[in-house]
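Single-letter residue listing:
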Amino acid sequence: MIKNSKPNQIVEDILKRLKSTQTKAELGFTGEVLSIADGVAKISGLRQLSYSEMVEFPGGIFGVAINLEEDEVGAIILGDYLSIKEGDRVKGTGRLLSIGVSEKLIGRVIDPMGIALDGKGIISTKTYYPIEKIAPGVISRHPVNTPIQTGLKAIDSMIPIGRGQRELIIGDRGTGKTAIAVDTIINQKDQNVICIYVAIGQKTSRIAQIVDLLQKEKAFGHTIIVAANASDSAALQFIAPFTGCAIGEYFMDQGKDVLVIYDDLSKHAWAYRQISLILRRPSGREAYPGDVFYLHSRLLERACRLSDKHGGGSLTALPIIETQAGDISAYIPTNVISITDGQIFLESDLFYAGIRPAINVGLSVSRVGGTAQIKAMKQVAGKLRLDLAQYRELAAFAQFAGDLDEKTKKQIERGARMVEILKQKQYVPMSVEEQVVLLFAGTNGFLDDVEVSKIPEFETKYIEFMTTIHSKLLKTIKKEGKISDEAIKELEKAIADFKKKF
């Protein structure tokens, strides 16, 4: 009988291999990249994945699932997608897309993933907030009745914005939309309002200018900037406003007042359209996907003022939309107008005519109205909006008419002066009590005998006169929030005294 040692050798080899094999258990489940294009990947497997759940690609790159189909998952990649290729393994993380939030974010510039872009070091956070969240219900909300002062006479007097409101800023390119937003941030310096500026698809140089300006105006100490630059992927531009909103909700839940500016949602819709077309979702009007309305409504509905029982915080949203040739009946503008509580419409013709901010009073509206104004402002600006609208009509009519009756002439003269008073230089916001005393002089006819060309000079010297000699009266108006009969007499006397000197 011949002994065969081969089977023993095989067994020994197997035992050696088993000993040298290292095993490690991995939680989760895996899939495989089927295809990848422009920062959007299609993945097979991952059948148990949830919507908005994060997935991990090789090299520590993360993505988020936004398309769940029977055989595959569509995910947007939040990082360098060029290093990912077909056949790569993908892991489900079991964690919904969330952002690290903390007080340390104030005064910083971050990307939509919370990574610092300002070179001031890593931002350490312990709390995470989901980027997508259901908006607070009706029961947990409080009526919008506290103003958020923009410092702009035309807005605070005629189109007031309340804490918890959603007010759309809409207009053509280069009409001053961002300027209104930046002025509002500057005016919140001592108002205990945290401002979050979300830049979507902006040039990096433009964002650097805004940061520089806010630092010069000492307004960066209450501001957070979330920047998804034009050079960033559509995925980052898509999640940027949701990141800004999640950070705002963190502060709102602490009972604080927050102002979030989305600049602008037109570019946000473009980024979403790009992602949807790559995912081969059916396209609708203007090639946008059918759920583009829901995209913006679920974002803007999160703006609210909470009741005292739920902390009493507020989140005010100022979305910006860019129109083409003043067409507010286009798809995205009409969508966002129908979601918001009013709009500030900026017109190119007014801008080029030197009326800045170039607000079209007829097409601008605040659906919260006078409830978001202090009583003093209501007292002086109650008829201002109607008077200006009538002035525009009469001025257009007067171009073709010959002789005008005395009443019409007076109305046109008063209107011209009020238009001049409402003009305001960029980045020079005005306190509410200064606005009140200036508008009081205008609406009560004290400027009717002042030449239109001299109104800017009158305004500067009059405000200087009031802040130095009648500072006590200004403090009383600010404290009481109304103009009492005594204050009216004092104001009339002060204006008369000033006009003698002027």
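Higher on the page you've got the structure.
**Student:** So what about a negative patch on the surface? Which residues, and what values?
**Tutor:** A surface patch of negative charge is lined by Glu480, Asp485, Glu486 and Glu490. Residue contributions to the negative patch peak at 3 residues, all from helix H16 (residues 485–501). Its location among the elements puts Glu490 in helix H16.

**Student:** Any details on the sheet that holds strand E5 (residues 72–77)? Residues and values, ideally.
**Tutor:** Here 6 strands make up a closed barrel; going around it, the order is E1-E2-E5-E4-E3-E6 and the pairing antiparallel. Pairwise comparison of adjacent strand axes, ignoring direction, gives a mean angle of 45° for this sheet. Here 3 bridges tie strand E1 (residues 30–37) to strand E6 (residues 89–96), and the two strands are oriented antiparallel to one another. Looking across to E6, one finds that Gly31 is bridged to Val90. Against the sheet, helix H6 (residues 265–278) makes contact with E1, strand E2 (40–45), strand E4 (61–68) and E5, and its axis sits at roughly 40° relative to E2, the strand it touches most.

**Student:** Explain helix H11 (residues 384–398) to me, using residue names and the numbers behind them.
**Tutor:** Between its first and last C-alpha, H11 extends 20 Å over 15 residues, near the 21 Å set by a 1.5 Å rise per residue. Restricting attention to buried positions, one finds in H11 the residues Leu384, Leu388, Tyr391 and Leu394. Burial along H11 is one-sided: seen end-on, the buried residues are contained in an arc of 130°. Facing away from the buried side of H11 by more than 90 degrees, the exposed set consists of Leu386, Glu393 and Phe397. Each element contacted by the buried residues of H11 is listed here: helix H2 (153–158), helix H10 (375–381), helix H12 (406–422) and helix H13 (432–443).

**Student:** So what about the nonpolar core? Which residues, and what values?
**Tutor:** Grouped together as the largest cluster of nonpolar side chains are 79 residues, with contacts concentrated most on Leu214, Ile225, Ile344, Tyr462 and Met466. The leading source of residues in this core is H13, at 7 residues. When near neighbours in sequence (up to four residues on either side) are disregarded, Leu214 contacts Val182, Ile185, Ile186, Ala219, Phe220, Thr223 and Ile225. Among the nonpolar cores identified, the runner-up in size contains 62 residues, and Phe242, Val292, Leu299 and Cys304 belong to it.

**Student:** Let's hear about the side chain of Ser98: which residues, and what values?
**Tutor:** As for its position among the elements, Ser98 is in strand E7 (residues 98–101). Given a relative accessible area of 16%, Ser98 falls into the buried group. One polar contact links Ser98 to Arg95, side chain to side chain, over a distance of 3.5 Å. If we skip the residues at most four places from it in the chain, Ser98 touches Met54, Tyr128, Tyr129, Pro130 and Ile131.

**Student:** Kindly report on the packing of aromatic side chains, identifying the contributing residues and their values.
**Tutor:** Within this structure, the stated rule accounts for 13 aromatic pairs. Here the aromatic rings of Phe458 and Tyr462 are separated by 5.6 Å at their centres, their planes lie at 25°, and the arrangement is stacked. Of this pair, Phe458 and Tyr462 both sit in helix H14 (residues 455–469), separated by 4 residues, roughly a single helical turn. For Tyr462, a relative accessible area of 0% corresponds to the buried category. Judged by centre distance (5.4 Å) and plane angle (40°), the rings of Phe465 and Phe498 are tilted. One end of the pair, Phe465, is in helix H14; the other, Phe498, is in helix H16, and 33 residues separate them in sequence. The pair formed by Phe465 and Phe498 is uniform in burial state, with each residue classed as buried. Members of the aromatic cluster, connected to one another through ring pairs, are Phe458, Tyr462, Phe465, Phe498 and Phe502. Against the face of Tyr288 rests Arg273, its NZ or CZ located 4.2 Å from the ring centre.

**Student:** Could you give an account of the pattern of salt bridges, naming the residues involved and the relevant values?
**Tutor:** All told, the structure shown has 22 salt bridges when counted by the stated rule. Between Arg417 and Glu413 there is a salt bridge, and its shortest N-O distance comes to 2.9 Å. Placement of both Arg417 and Glu413 in helix H12 is noted, with a separation of 4 residues, approximately one turn of the helix. By relative accessible area, Glu413 is classed as partly exposed at 41%. Each member of the salt-bridge network shares a partner with another, and the members are Arg141, Arg166, Glu301 and Asp341.

**Student:** If you had to explain unusual backbone geometry to someone new, which residues and values would you point to?
**Tutor:** For residues besides glycine, phi is generally negative; the peptide bonds are generally trans as well. Between Asp263 and Asp264 the backbone carries a cis peptide bond, its omega angle lying at -5°. Looking at the element boundaries, Asp264 is found in the loop between strand E13 (257–263) and H6. A cis amide bond links Arg356 to the next residue, Pro357, at an omega of 0°. With respect to the helices, strands and loops of the structure, Pro357 is situated in the loop between helix H9 (348–352) and strand E17 (365–366). Even without glycine at this site, Asp38 takes up a positive phi of about 45°. Positionally, Asp38 belongs in the loop between E1 and E2.

**Student:** Please provide a residue-by-residue account of the environment of Pro136, values included.
**Tutor:** Along the chain, the position of Pro136 falls in the loop between strand E9 (127–130) and H2. What Pro136 contacts, discounting residues up to four positions off in sequence, is Arg141, Arg302, Cys304 and Leu306.

**Student:** Let's hear about a nonpolar patch on the surface: which residues, and what values?
**Tutor:** On the surface, Ile10, Val11, Ile14, Leu15 and Leu18 cluster together into a nonpolar patch covering about 490 Å² of accessible area. Along the chain, Ile14 turns up in helix H1 (residues 6–20). Its relative accessible area of 47% is what places Ile14 among the partly exposed residues.

**Student:** A description of the side chain of Arg166 should follow, citing residues and the corresponding values.
**Tutor:** Tracing the chain through its elements places Arg166 in the loop between H2 and strand E10 (168–171). Residue Arg166 is classed as buried on the basis of its relative accessible area, which comes to 10%. Of the polar contacts made by the side chain of Arg166, one reaches the side chain of Glu301; its length is 2.7 Å. Side-chain polar atoms of Arg166 contact the side chain of Asp341, separated by 2.7 Å. In this view, Arg166 contacts Leu300, Glu301, Ala303, Ala317, Ile339, Thr340, Asp341 and Gly342; residues no more than four positions away in its chain are not counted.

Parameters and conventions
- Residues numbered from 1 in each chain as written.
- Predicted model: local features only at pLDDT ≥ 70, side-chain atom pairs only at ≥ 80, totals over all residues.
- Heavy atoms only, no water.
- Patch = residues over 30% accessible without salt bridge, like charges linked within 9 Å, V, L, I, M, F, W, Y side chains within 5 Å.
- Areas by Shrake-Rupley, 256 points an atom, 1.4 Å probe, with all protein chains shown as cover.
- Salt bridge = Lys/Arg side-chain N within 4 Å of Asp/Glu carboxyl O.
- Lys, Arg positive; Asp, Glu negative; His and termini not counted.
- Charge placed at Lys NZ, Arg CZ, Asp CG, Glu CD.
- Helix = DSSP H or I, 4+ residues; strand = E, 2+ residues; numbered from the N terminus.
- Pairing = 2+ DSSP bridges.
- Axes fitted to C-alpha atoms, helices over the stretch in contact; angles between N-to-C directions.
- Contact = heavy atoms within 4.5 Å.
- Expected span 1.5 Å × (residues − 1).
- Buried < 20%, exposed > 50% of the residue type's maximum accessible area, 1.4 Å probe, protein only.
- Arc of directions from axis to C-beta.
- Core = buried A, V, L, I, M, F, W, Y, C linked by side-chain atoms within 4.5 Å.
- Polar contact = N/O pair within 3.5 Å; in protein donor to acceptor, adjacent residues only side chain to side chain.
- Phe/Tyr/Trp six-rings, centres within 6.5 Å; stacked < 30°, edge-to-face > 60°.
- Lys NZ or Arg CZ within 6 Å of the ring centre and 35° of its normal.

Remember, this is a structural readout, not a statement about activity or role.
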